[in-house]
Amino acid sequence: MSLSSQSARPLACLKQALRQCRAERQQQQTRSYAAAAAEVQYPSLQTRYPLPAKSFRTSQATKQNRFETGMRKIPVAPQVPSTRKLCPDPVAAVTASQISALDATGARTRLFSQENPDRARVGDILLVRQKSGEPFSGVCINIRQGNSKIDSAILLRNNLTRVGVEMWYKIYSPNVEGIEVVQRKAKRARRARLYYMRQPRHDVGSVDNIVRQYLRQRAGGPMNNAKGRDARSNKKKNNKRGRN
Amino acid sequence: MPPRQATTRLFALPPRFLCPSLPVTQTRTIRSILKPIPKPSRFNASQSLPVLGSSHTAAFERKEHVMPLRTGALAIKKGMTAIFDPETAKRTPCTVLQLDRCQVVSHKRRDVHGYWAVQVGAGAKEARNVTRPERGHFAAQGVPLSRELAEFRVKNEAGLPPIGSKITADLFIPGQFIDARANRRGMGFEGGMKRHNFSGQPASHGNSLAHRLMGSSGGGQGSGSRVLPGKKMPGRMGGEQMTVANLKVMQVDKENGIVVVAGAVPGPKNCVVKLQDAIKKPWPDATWPPAIETVTEPLREATEKAPAAA
């Protein structure tokens, strides 16, 4: 690039200046790239896309309806109140309404409630008055209170005409008019079910004498048990007739 | 040529040996006596033609008289308890079912779909868990999203409640009978004794390792030496829909959505049960619904509010 050529073609210097500029720019670019590469220690860890928002959840992104950009919005009607939330346990509700109807005073529930310290326990002698038929008494050898409270039942054992008799009674049955504790067991039974009393050496036999004594005592009290007496007298008469 | 004309003209014609070119009618059969059966044209689809027995229309008409008049309800089986009758002291084991957000989602119409049915939804789902097509179906009807969907066939258009009607427990009247349909409990692979009530084999008398086997599966050479199709054998038991018919409705609680029916209902606890009027009993004397409550009102309010807000 001589001076002579410059004087001969005045615009040639412009071309040369532009070339110079381009070369410098390229050099600058390469220098900046080199600087950036030196800063990044682990290029593989560099993010290629902008980072997600702070509230982003991967589990939500996988759900197909999370992002519906550019689509027509589908209206969703609001839900009506749920009966399931209003009544989470319908079985308990039905059972409770049954029990409240069958046991309005709550006496039967209390007699066998775990919270009641004076509750009837296994080993006690109980008397069950029935709506139809004679009252039955015996030693309570099992109290069944499963998941279904309405089906709570007691198993009474007695001897009738020297034959062992066991009867199950549902405590909430409308056929059961009342349950009375005739005699409590002296010592707390150490079993939940006293099935050993079926064995001859443990069998207490008939409890009729104890029950008769209890009824006689009660007859003098304020709650006169005329009905029970009548029932017994009828029985005696019938027996006599049978013998004759 | 019809043969009858030939026979009537027989004596009008000269003897056969004089005109051998005439066609011979030698046999007289039932065809020559009977009127010719009109051949159905492919384009002969008039109203007067009888309905073919194997068609959809004939099947619909056959079933029409057992179709319930009213819709059913989708319920959840909650468990069992017992109810005492205070007068007779009779104890009845009962199943407690609950109706949760049961609603009429859509109709199936005879002219469009070929039958009359009510599409009923129950429960609820979150919108983000529902696909767009499904959300579109509910949005088109203007009802909230339901977790379960089922159809209840009805006899005619009168049995279709308006879309969006709430189906409450008082659909059923205490004392009426219903049919309960649900998927049975899955038993897995079971033997013939449990699955088909086979008798099994003796415990003793020389029996060895074959006490619960199904025994023979068919005859030998004289019977084809093969197992006939449909032979009851061990296999997968349960997990399929079954119907328990004629369950008596004991109690109904509209507020809590409780329906108590006498007896057992198929399926485990918390399974979905389809309840509808029993088809083997007289229809209940009910004109349901007494006052239609709809679930579509909230949506209308919401959609009216939305453009105003935007």
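Residues numbered from 1 in each chain as written. Chains lettered and ligands numbered in written order. Predicted model: local features only at pLDDT ≥ 70, side-chain atom pairs only at ≥ 80, totals over all residues. Heavy atoms only, no water.

**Observations concerning the overall build of chain B**
Here is step 1 of the chain: Across its full length, chain B holds seven helices and eleven strands.
Here is step 2 of the chain: Residue burial in chain B is summarised as follows: out of 310 residues, 33% are buried.
Here is step 3 of the chain: For chain B, restricting intrachain contacts to residue pairs at least 6 apart in sequence, the fraction spanning at least 24 positions comes to 72%.
Here is step 4 of the chain: Entry remark: accessible area of chain B is about 19,400 Å², with carbon and sulfur atoms responsible for 54%. (Helix = DSSP H or I, 4+ residues; strand = E, 2+ residues; numbered from the N terminus. Buried < 20%, exposed > 50% of the residue type's maximum accessible area, 1.4 Å probe, protein only. Contact = heavy atoms within 4.5 Å. Areas by Shrake-Rupley, 256 points an atom, 1.4 Å probe, with all protein chains shown as cover.)

**A word on the interface of chain B and chain A**
Here is step 1 of the chain: Facing the 47 residues of chain B at the interface are 37 residues of chain A.
Here is step 2 of the chain: The largest contributions to the chain B side of the interface with chain A come from Phe84, Arg128 and Arg132 of chain B, which together make up 21% of the buried area.
Here is step 3 of the chain: Applying the counting rule to chain B against chain A returns one salt bridge.
Here is step 4 of the chain: One can count twelve residue pairs in polar contact (both at pLDDT 80 or more) joining chain B with chain A.
Here is step 5 of the chain: Contributing elements (two or more residues each) for the side of chain B that touches chain A: strand 1 (73–84), strand 2 (91–98), helix 5 (132–141), strand 10 (258–262) and helix 7 (296–309) of chain B.
Here is step 6 of the chain: The leading source of residues in the side of chain B that touches chain A is strand 1 of chain B, at eight residues. (Buried area = accessible area lost by both parts, 1.4 Å probe. Salt bridge = Lys/Arg side-chain N within 4 Å of Asp/Glu carboxyl O. Polar contact = N/O pair within 3.5 Å; in protein donor to acceptor, adjacent residues only side chain to side chain.)

**A word on the sheet that holds strand 4 (residues 117–122) of chain B**
All names here are of chain B.
Here is step 1 of the chain: Taken together, the three strands give an open sheet; going across it, the order is 3-4-5, and neighbouring strands pair in antiparallel fashion. Strand pairing shows two members of the sheet lacking a second neighbour, strand 3 (103–108) and strand 5 (148–153), which therefore form its edges. Across the sheet, the mean angle from the axis of one strand to that of its neighbour is 25°, orientation sign disregarded.
Here is step 2 of the chain: Direction of pairing for strand 4 relative to strand 5: antiparallel, over a ladder of six bridges. Across the sheet, the residue bridging to Ala122 is Glu148, located in strand 5.
Here is step 3 of the chain: Across the sheet, helix 5 lies against strand 3, strand 4 and strand 5, angled at about 95° from strand 3, the strand it touches most. (Pairing = 2+ DSSP bridges. Axes fitted to C-alpha atoms, helices over the stretch in contact; angles between N-to-C directions.)

**So, helix 5 (residues 90–102) of chain A**
Here is step 1 of the chain: In a regular helix each residue adds 1.5 Å, so 13 residues correspond to 18 Å; helix 5 of chain A covers 18 Å between its end C-alpha atoms and thus fits that length.
Here is step 2 of the chain: Within the sequence span of helix 5 of chain A, burial applies to Pro90, Val91, Val94, Thr95, Gln98, Ile99 and Leu102 of chain A.
Here is step 3 of the chain: Tucked into the core, helix 5 of chain A has its buried residues touching helix 6 (107–111) of chain A together with strand 1, strand 2, strand 9 (241–253) and strand 10 of chain B. (Expected span 1.5 Å × (residues − 1).)

**Some thoughts on a positive patch on the surface**
Here is step 1 of the chain: Together, Arg121, Lys185, Lys187, Arg188, Arg190 and Arg191 of chain A make up a positively charged patch on the protein surface.
Here is step 2 of the chain: Its location among the elements puts Arg191 of chain A in the loop between strand 5 (176–183) and helix 7 (208–220). (Patch = residues over 30% accessible without salt bridge, like charges linked within 9 Å, V, L, I, M, F, W, Y side chains within 5 Å. Lys, Arg positive; Asp, Glu negative; His and termini not counted. Charge placed at Lys NZ, Arg CZ, Asp CG, Glu CD.)

**Digging into a nonpolar patch on the surface**
Residues and elements named next belong to chain A.
Here is step 1 of the chain: The grouping of Leu11, Leu14 and Leu18 at the surface amounts to a nonpolar patch, some 330 Å² of accessible area in total.
Here is step 2 of the chain: Along the chain, the position of Leu18 falls in helix 2 (residues 12–39).
Here is step 3 of the chain: Take Leu18: its relative accessible area is 51%, and that puts it in the exposed class.

**Here we look at the pattern of salt bridges**
Here is step 1 of the chain: One pass over the full model with this rule turns up 17 salt bridges over all chains.
Here is step 2 of the chain: In this structure, Asp124 of chain A engages Arg184 of chain A in a salt bridge whose closest nitrogen and oxygen atoms are separated by 3.5 Å. With a gap of 60 residues between them, Asp124 of chain A in the loop between helix 6 and strand 1 (125–130) and Arg184 of chain A in the loop between strand 5 and helix 7 connect regions that are remote in the sequence.
Here is step 3 of the chain: Residue classification places Arg184 of chain A among the partly exposed positions, given a relative accessible area of 43%.
Here is step 4 of the chain: A salt bridge links Arg70 of chain B to Asp277 of chain B; the nearest nitrogen and oxygen atoms lie 2.9 Å apart.

**Digging into the environment of Ala96 of chain A**
Residues and elements named next belong to chain A.
Here is step 1 of the chain: With respect to the secondary-structure elements, Ala96 resides in helix 5.
Here is step 2 of the chain: Ala96 sits in the partly exposed class, given a relative accessible area of 43%.
Here is step 3 of the chain: Separated by 54 residues in the primary sequence, Ala96 and Ile150 place their C-alpha atoms 8.3 Å from one another.

**Focus on unusual backbone geometry**
Residue and element names in this part refer to chain B.
Here is step 1 of the chain: Its identity as a non-glycine residue notwithstanding, Asn197 has a phi of 60°, on the positive side.
Here is step 2 of the chain: Within the element layout of this structure, Asn197 appears in the loop between helix 6 (192–196) and strand 8 (235–237).
Here is step 3 of the chain: A positive phi angle, near 60°, is found at Asn246, a position not held by glycine.

**Examining the nonpolar core**
Here is step 1 of the chain: Counting residues in each nonpolar core, the largest one holds 31 residues, and the members touching the most others are Ile167, Phe172, Val261, Val273 and Leu275 of chain B.
Here is step 2 of the chain: Elements with a contribution of two residues or more to this core: strand 1, strand 4, strand 5, strand 6 (177–183), strand 9, strand 10 and strand 11 (272–277) of chain B.
Here is step 3 of the chain: Core analysis: the next-biggest nonpolar cluster, separate from the first, contains 19 residues, Leu102, Val128, Phe136 and Ile179 of chain A among them. (Core = buried A, V, L, I, M, F, W, Y, C linked by side-chain atoms within 4.5 Å.)

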